[in-house]
Amino acid sequence: MQGVGRLLIEWVCAIVLEEIETSLYRNKSPEELKIALATLLKKYLHLDSNSSNSAHLHEQRQKDHYSHFILRLAFARTEDLRRRFSKAEAILFKHRFESDDGSERSKFIDSLEFDWKPVSSEEKAALSQQLIATSGGKKLDDGGYFKVDWERVPDLVEQRRVYVRAGKVYVPLSLQVSLVVAEFTKKLEDALDLTARALPRLDEDDRLIPILNHLSLGFTAPEYNASSELSLLSGAPITAADVEGLSQHFPACMTHLHRTLRKAKHLKHFGRLQYGLFLKGLGLSVEEALTFWRTAFSATPSDKFDKEYRYNIRHSYGLEGQRKNYRAKSCQQILTEAPPGSGEAHGCPYRHFSPENLNAFLTQQMGVKDPPVLRGVTQDVAATKYHMACNRVFEHIHREELRKAKELSSSGGGGPPAVFETIIHPNEYFVRSWELKHPEAVGKTDVGGGAGTRRAGDRIEVDTMGGGSGGDVEMM
Ligand code: SF4
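Analysis parameters
Each chain carries its own residue numbering, running from 1 in the written order of its sequence. Where totals are concerned, whole chains, interfaces and linings use all residues; where local detail is concerned, this predicted model gives features only for residues with pLDDT of at least 70, and gives and counts side-chain atom pairs only at 80 or more. To get the side-chain values, all heavy atoms of the structure are used, and hydrogens and water are removed first. Points on a 1 Å grid over protein atoms alone make up a cavity when a 1.4 Å probe fits among them but cannot get out, and a pocket when they form an open set with protein on both sides within 12 Å along at least five of seven lines; lining residues each have an atom within 4 Å of a point. Grid points are joined across faces, edges and corners, and a volume is the space filled by probe spheres set on the points. We count a stretch as a helix when DSSP gives it H or I for four or more residues in a row; a strand needs E for two or more, and each element gets its number in order from the N terminus. Polar here means any residue other than Ala, Val, Leu, Ile, Met, Phe, Trp, Tyr, Cys and Pro, which are nonpolar, and Asp, Glu, Lys and Arg, which are charged; Gly is therefore polar. Whenever Lys or Arg places a side-chain nitrogen within 4 Å of a carboxyl oxygen from Asp or Glu, that contact is recorded as a salt bridge. Strands are labelled as partners when DSSP assigns at least two bridges between them. Looking at any residue, its pLDDT shows the predictor's confidence there, from 0 to 100. Throughout, a residue-residue contact means that at least one pair of heavy atoms, one from each residue, lies within 4.5 Å. Centre distance within 6.5 Å is the pairing criterion for rings of Phe, Tyr and Trp, where only the six-membered ring of Trp is used; planes under 30 degrees apart are then read as stacked, over 60 as edge-to-face, and the remainder as tilted. With a 1.4 Å probe rolled over the protein chains alone, any residue whose accessible area is under 20% of its type maximum counts as buried; one over 50% counts as exposed, and the rest are partly exposed.

**Quick look at the layout of surface pockets**
Next up, step 1: Considering only enclosed or pocket space, the largest pocket measures out at about 1200 Å³ in volume.
Next up, step 2: Contributing to the lining of the largest pocket are 34 residues, with L47, D64, F93, R96 and F108 lying nearest its centre.
Next up, step 3: Mapped onto the lining of the largest pocket, the elements with two or more residues apiece are α3 (30-44), α4 (57-74), α5 (79-99), α6 (102-112) and α10 (176-198).
Next up, step 4: Here the element with the most residues in the lining of the largest pocket is α5; it accounts for seven residues.
Next up, step 5: Of the residues belonging to the lining of the largest pocket, the class tally is 15 nonpolar, seven polar and 12 charged.

See below:
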């Protein structure tokens, strides 16, 4: 069971499916979805083509198969989950099919032995007028036509792109991808039905089922590779004084904690934990963290600070107690762990604020004044899509930079494609925000791979306000 648990976490097809769902929900264009998917697949589920002779072919396919079948188990339980899963999987399949090379595609189709009837040349000639008319007035498809039941390709029928007669659809070879995707979806739906029927016979409900439930309920956030060894480009480490300047790149949750700390000169336990680990993830060393918290708790006498707070800060850096190296909390953790009580500031504003307070917070603290954006946030929150509300705000705040990055990317100029992925971690929000505001540094410093993939030596430059000395930050 432990092995299965690890598989669920490590084989992260769920992240890819979540990105697809999110993109559909947010009406992203096919081009945007394509860019986001290409980046995610490269990062998490890269597949070399069979003809590449890559040494990793077996390992890559194994990972892909495991993640697919685990998710099939997780998403088979209800009709709604099955529908969501097959829709997202079909889009993923289409993306992969279209990006594969021609010979691999042909081999793949031959191996499936689909029951498609080729249209004879006599029938094709007899129906030429109708076939040309449905192709938008172009000539007949040289590659030939297939005849299939109309239910197999509802998308083509709906878009009136094919000729229909006596319940049969005449599909040109150029639209073959629709046929293949339709076949794939049908087989997947049948398989999901079978799995759903088999699930009750598993006869267990305290080991596998809770894991499957968890997987299908939420989305799996990748671990953010935060490190306490980051340093400034200039060689100097990130300091407590830099935090104020960096706070302009914080997401709503951390902005709220930062402002509350500044105002109240204090944060309760869970707030300190959430904010402290986030700052640790930005690269604040334990010494600087102690300075930061000591300065921020200016109304607290020194002996009380040393007695009540110093130990906890050192503990979060793995220097006390069990000496565990705690990571910054992901959105999923923040959204699902203990909600804030009276006087507490931790949690996620999109989830834990009332609609009125959230609106006021976004307007006053995050500078979001655009009514359609605020309405969109309200709708996201009502639909319990909290991280989508957060992404919506991010996209609004960085709309100019995103527009430029998109232009650069579509003109083949090598813009950072990670900026089109959905943000699922507060530290990722920070890094993405910083990168967009400093595109000149991203090219030179190679930090465009998205959170969770930082490498030693990746560097970014820091804005400083309110006493910071300025300089550069190195990200691990
Ligand atoms: Fe923070 Fe995540 Fe909530 Fe955004 S969605 S405010 S990053 S917890």
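Resuming the write-up.
**Some points on the pattern of salt bridges**
Any two side chains of opposite charge can pair, so long as their charged atoms come close to each other.
Next up, step 1: Considering all chains together, one arrives at 15 salt bridges under this definition.
Next up, step 2: Residues E98 and K94 are paired through a salt bridge, measuring 3.8 Å at the closest nitrogen-oxygen approach. With E98 and K94 both in helix α5, this residue pair falls four residues apart, about one helical turn.
Next up, step 3: The residue R165 makes a salt bridge to E123 at a minimum N-O spacing of 3.8 Å. Note that R165 is positioned in strand β3 (residues 163-165) and E123 in helix α7 (residues 121-126), a separation of 42 residues in sequence.
Next up, step 4: Where salt bridges share partners, they join E123, K147 and R165 into one cluster.

**Points about unusual backbone geometry**
Next up, step 1: Phi is positive for R160, close to 55°, though the residue is something other than glycine.
Next up, step 2: Notably, K265 is not glycine yet its phi reads approximately 60°, a positive angle.
Next up, step 3: Tracing the sequence through the fold places K265 in the loop between α13 (252-264) and α14 (269-282).

**Considerations on the pairing of strand β2 (residues 145-149)**
Next up, step 1: Note that strand β1 (residues 117-118) and β2 share two bridges and pair antiparallel. By the bridge assignment for β2, P118 is matched with F146.
Next up, step 2: With five bridges joining them, β2 and strand β4 (residues 168-172) adopt antiparallel strand pairing. Bridge pairing in β4 links D149 to K168.

**Some details on the sheet that holds β1**
Next up, step 1: Here four strands make up an open sheet; going across it, the order is β1-β2-β4-β3 and the pairing antiparallel. Of all strands in the sheet, those with a lone pairing partner are β1 and β3, marking the two edges.
Next up, step 2: In the sheet, β3 pairs with β4 via three bridges, with the strands oriented antiparallel. In the strand pairing of β4, Y163 is matched with Y170.

**Overview of the environment of L73**
Next up, step 1: On the secondary structure map, L73 appears in helix α4.
Next up, step 2: C-alpha separation for the pair L73 and T195, spaced 122 residues apart in sequence, amounts to 6.8 Å.

**A word on the confidence of the model for the protein chain**
Next up, step 1: In the predicted model, the protein chain carries a mean pLDDT of 78, and the fraction of residues at 70 or more is 77%.
Next up, step 2: Within the protein chain, the element-level pLDDT minimum falls on strand β6 (residues 471-475), averaging 27, and the maximum on α13, averaging 97.
Next up, step 3: Below a pLDDT of 50 lies the segment residues 218-235, which in the model reaches 69 contacts outside its immediate sequence neighbourhood of four places, other chains included.
Next up, step 4: Low pLDDT (under 50) marks residues 443-476, which in the prediction has 106 contacts with non-local residues, meaning those over four places away or in another chain.

**Examining the packing of aromatic side chains**
Next up, step 1: This structure, assessed with the given rule, holds 17 aromatic pairs.
Next up, step 2: Ring centres of F297 and F305 lie 6.1 Å apart, and the angle between their planes is 70°; this geometry places the pair in the edge-to-face category. Across the pair, exposure class does not vary: F297 and F305 are buried alike.
Next up, step 3: Between F305 and Y309, the aromatic rings sit 5.8 Å apart at their centres with planes inclined by 50°, giving tilted as the arrangement.
Next up, step 4: Relative accessible area serves as the criterion here: at 1%, F305 is assigned to the buried category.
Next up, step 5: The class for Y309 is buried, based on a relative accessible area of 7%.

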